[in-house]
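Analysis of the macromolecular model
Chain residues, written in single-letter form:
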Amino acid sequence: MEPLCPNFDLLKSSSVPLFSHRLSSINRGISKRSSSSFPCVSSYNRNCNPQASVKTEAPTQQQPTGHDLIKSLTKGFVGFAAAATALASVCSDSPAFAESLTVAFPVSRAQEVNTVQRTLVEAWGLIRETFVDPTFNHQDWDLKLQQTMVEMFPLKSADAAYGKIRGMLSTLGDPFTRIISPKEYQSFRIGSDGNLQGVGLFITVEPKTGHLVVLSCVEGSPAARAGIHDGDELIEINGQRLDGVDSEAAAQRLRGKAGTSVTVKLHRGNGSGSGSSIKEVKLPRELIRLSPISSTVIPHRTPDGRLTKTGYVKLSTFSQTAATEMKNTIHEMENLGVQSYILDLRNNPGGLVKVGLDVAKIWLDGNETLVNTVDRDGHMSPINMANGHALTHDPLVVLVNEGSASASEILAGALHDNGRAILVGHKTFGKGKIQSITELHDGSALFVTVAKYLSPALHDIDQVGITPDVQCTTEMLNSPKETLKGKSSVSSLEADSCIMVAEHELDIQESKGTAS
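What counts and what doesn't
- For every chain, the first residue of the written sequence is number 1, and numbering continues from 1 onward in sequence order.
- A pLDDT threshold of at least 70 governs which residues receive local features in this predicted model, and a stricter bar of 80 or more applies before side-chain atom pairs are shown or counted, although totals over entire chains, interfaces and linings include all residues.
- For side-chain calculations, the full set of non-hydrogen atoms in the structure is used, while hydrogens and water are omitted.
- The helix count covers DSSP runs of H or I at least four residues long, the strand count covers runs of E at least two residues long, and both are numbered beginning at the N terminus.
- Categorising residues by exposure relies on relative accessible area from a 1.4 Å probe, with only protein chains included: less than 20% of the type maximum marks a residue as buried, more than 50% marks it as exposed, and the intermediate range marks it as partly exposed.
- Here, residues are in contact when the closest pair of their heavy atoms is within 4.5 Å.
- Any pair of Phe, Tyr and Trp rings, taking the six-membered ring for Trp, is counted once the centres come within 6.5 Å. Such a pair is stacked with planes under 30 degrees apart, edge-to-face with planes over 60 apart, and tilted for the rest.
- If DSSP finds at least two bridges between two strands, the strands pair.
- Note on geometry: axes are lines fitted to C-alpha atoms, helical ones only across the stretch in contact, with angles between N-to-C directions running from 0 to 180 degrees.
- Here the expected length of a helix is defined as 1.5 Å per residue gap, with one fewer gap than residues.
- Note: the arc covers the axis-to-C-beta directions of the helix.
- Cysteine sulfur pairs qualify as disulfides if the two atoms are within 2.5 Å.
- With the strands pointing away from the viewer, any crossover whose connection runs clockwise from the first strand over the helix to the second is right-handed.
- By nonpolar core is meant a set of buried Ala, Val, Leu, Ile, Met, Phe, Trp, Tyr and Cys residues that side-chain atoms within 4.5 Å join together.
- N or O atoms within 3.5 Å of each other form a polar contact, as long as, within protein, one can give a hydrogen and the other can take it, and as long as residues adjacent in sequence are counted only when both atoms are side-chain atoms.
- The salt bridge definition used is simple: a Lys or Arg side-chain nitrogen within 4 Å of an Asp or Glu carboxyl oxygen.

As annotated in an unreviewed UniProt entry, the protein chain is PDZ domain-containing protein from Gossypium arboreum.

1. Quick word on unusual backbone geometry
Phi is positive for N387, which is not a glycine, with a value near 55 degrees. Positive phi outside glycine occurs at S406, with the angle close to 55 degrees. Of note, S406 is situated in the loop between β18 (396-400) and α11 (407-417). Overall, the relative accessible area of 7% leaves S406 in the buried class.

2. Some points on the environment of G425
Within the element layout of this structure, G425 appears in strand β19 (residues 422-425). Spatially, the C-alpha atom of G425 lies 5.1 Å from that of V400, the residues being 25 residues apart in sequence. Excluding residues that lie within four positions of it along the chain, G425 makes contacts with V400, P468, V470, Q471 and C472.

3. Some remarks on the packing of aromatic side chains
Counted by the stated rule, this structure contains two aromatic pairs. For the ring pair F136 and W141, a centre distance of 5.6 Å and an interplane angle of 15 degrees mean the geometry is stacked. Like W141, F136 is buried. Between Y341 and W363, the ring centres sit 5.4 Å apart and the planes meet at 80 degrees, which makes this aromatic pair edge-to-face. Of the two residues, Y341 sits in strand β15 (residues 340-344) while W363 sits in helix α10 (residues 353-363), which places them 22 residues apart along the sequence. For Y341, a relative accessible area of 0% translates into the label buried.

4. Overview of the sheet that holds strand β22 (residues 470-471)
In sheet architecture, strand pairing relies on hydrogen bonds along the backbone and comes in two forms, parallel and antiparallel. Reading across the sheet, the six strands line up as β13-β14-β15-β18-β19-β22 and stay open at both edges, with mixed pairing between neighbours. At either margin of the open sheet sits one strand with a lone partner, and together these are β13 (293-301) and β22. Alignment of strand β14 (residues 307-315) against β15, held across five bridges, turns out to be parallel. Within the sheet, the bridge partner assigned to Y312 lies in β15 and is I342. Against the sheet, α11 engages β14, β15, β18 and β19, with an angle of about 145 degrees to β18. Sheet strands in contact with helix α13 (residues 497-511) are β13, β14, β15, β18, β19 and β22, and its direction is about 150 degrees off that of β18.

5. Comments concerning helix α9 (residues 322-335)
End to end, α9 covers 20 Å across 14 residues, agreeing with the expected 20 Å (1.5 Å per residue, within 8%). Turning to α9, its buried residues number three or more, namely A322, A323, M326, T329, I330 and M333. End-on, the buried residues of α9 take up no more than an arc of 120 degrees, which puts them together on one face. Tucked inside the fold, the buried residues of α9 contact β13, β14, β15 and α10. G337 lies just past α9 and shows a positive phi near 85 degrees.

6. Regarding the state of the cysteines
One pass over the structure, following the stated rule, counts one disulfide. Covalent S-S linkage joins C472 and C498, the inter-sulfur distance amounting to 2.4 Å. Taken together, the residues C472 in the loop between β22 and α12 (490-494) and C498 in helix α13 connect sequence positions 26 residues apart. The same class applies to C472 as to C498, namely buried.

7. Things to note about the pairing of β14
Consecutive side chains of a regular strand alternate in pointing toward one face of the sheet and then the other. With seven of nine residues buried, β14 lies mostly within the body of the structure. For β13 and β14, the ladder comprises nine bridges, and the chain directions are antiparallel. Paired with S295 across the two strands is V313, which belongs to β14. Hairpin connection between β13 and β14: a loop of five residues separates the two successive antiparallel strands, and G305 in this loop has a positive phi of roughly 95 degrees. In this fold, the crossover linking β14 to β15 by way of α9 has right-handed handedness.

8. Details of the nonpolar core
Within soluble globular proteins, side chains that are nonpolar generally end up buried alongside one another. Among the nonpolar cores identified, the biggest contains 70 residues, and L315, M326, L343 and W363 are the most heavily contacted of them. For this core, the element with the highest residue contribution is helix α3 (residues 111-130), accounting for eight residues. Of all hydrophobic cores here, the second largest spans 22 residues; its members include I228, I237, A250 and L283.

9. Here's the deal with the side chain of N401
For N401, the position within the fold is in the loop between β18 and α11. Among the polar contacts listed, one links the side chain of N401 to the backbone nitrogen of G403, at a separation of 3.0 Å.

10. Notes on α13
Helix length check: α13, at 15 residues, gives a terminal C-alpha distance of 21 Å against a target of 21 Å (1.5 Å per residue), a fit within 8%. Taken together, the buried positions of α13 are C498, I499, V501, A502, E503, E505, L506, D507 and Q509. Its side-chain oxygen at 3.0 Å from the backbone nitrogen of C498, D496 defines the N-terminal cap of α13.

11. Re the pattern of salt bridges
Applying the stated criterion to the full structure yields 17 salt bridges. Here K265 makes a salt bridge to E280, at a shortest N to O gap of 4.0 Å. Separated by 15 residues along the polypeptide, K265 in strand β10 (residues 261-268) and E280 in strand β11 (residues 277-284) bring together distant segments of the chain. Its relative accessible area of 55% is what places E280 among the exposed residues. A salt bridge links D460 to K452, with the shortest nitrogen-to-oxygen separation between them at 3.3 Å. Classification of K452 as partly exposed rests on a relative accessible area of 30%. Beyond isolated ion pairs, a larger network of salt bridges with shared partners links K314, D344, R346 and D496.

Encoded structure:
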């Protein structure tokens, strides 16, 4: 994405440099003005006027729909016109809101900090116009910009300055709204494309504790071979504590050139008793290929003695190719005479939300609602299919567990609430937030929670999760550890108790006359 202000230049003076910015009041009934105690208020054309105040008429702003929210994720940047309005007063002479006030901030003489100050304003403006909570966690967001800019002024390094932005974002009370460095963003994009060099760990921040926990391990990866389990808490990487470190920063530390190694320390267990332990392990870094789909055909004998074929499809991540690979897999299995399906979403941490919706369309007909989005003003918008045609109507069971998050929960909810699938497993993670990802002018990226979603039946998923129709016991949650290759690993699947439960549910569906 090109920078919003490619020619913007921070103002300098012979004494204390000033950063000029107009704080526009959001056209939602907020009439408050912001002011600054600094002696000179400068406009973008560098005409100094301590009393400058600009009033303009605002064009009507169209509220984004649920489709807009999802589309913005696939493009990799905020798709709303309003998202750039906080910067429009710096970049343009055409303000987008009804009234604004130019204020000035001190500009650092350190060039790298100076650059991050501009990033601060970009991030602040995007939060101001799109963040899901219009109260900004019940704080004055305009004042927060001024405070953070002043705190950033005496700093000497970009790292310290980015720390101030992260501190500002942390006050929003949403661990998923965050900024990552240019290097971290490049790694994120590589991971979404399906390949990376690392140890094969999916990690996230546990919202209630703020701790970094393992969502899942890539099958066959160094992490999986070392016996790291989902739910383990990541404490240290190469001897450095991870207190206050977000998931992207931690993932960046884990990644590295294949052939090198990294040492991690993990905590397992919920208490200090015999069930709690600290584990330190040295992991080799390897090329991790994140193929989103693995599949096989499981022979299944029905209660009346007939031998049938069940198609087992494991979706490990919602990368860019996942929907296409899912279609190809279903076509192949239909040609093989498969009569029922098990879709395994266990330990799938999510990914591109639009891909999750595209996968749901493969299994559904008509104009069904896939998900409902709720914006910052409480407006709900359903996202519906348009004359959909399912590739198969065979009975379907979806497997989920605590590691099934975000797009996995959207997909599971869409299939379940529309009566297409039975859910088997354990309650899901509970991340019901929709985020935009914006590349900023310096190559960093801002993740902003812009809405939350409800399932088609209007169930709130965030911090609640989805409870399956049939739960597995703890012993049943052990998923197969071998990588599926064609028709191999059938024996390991037959040893998976959750697969056995799923096959039983498929028998029940067939006995009730489910179309096939």
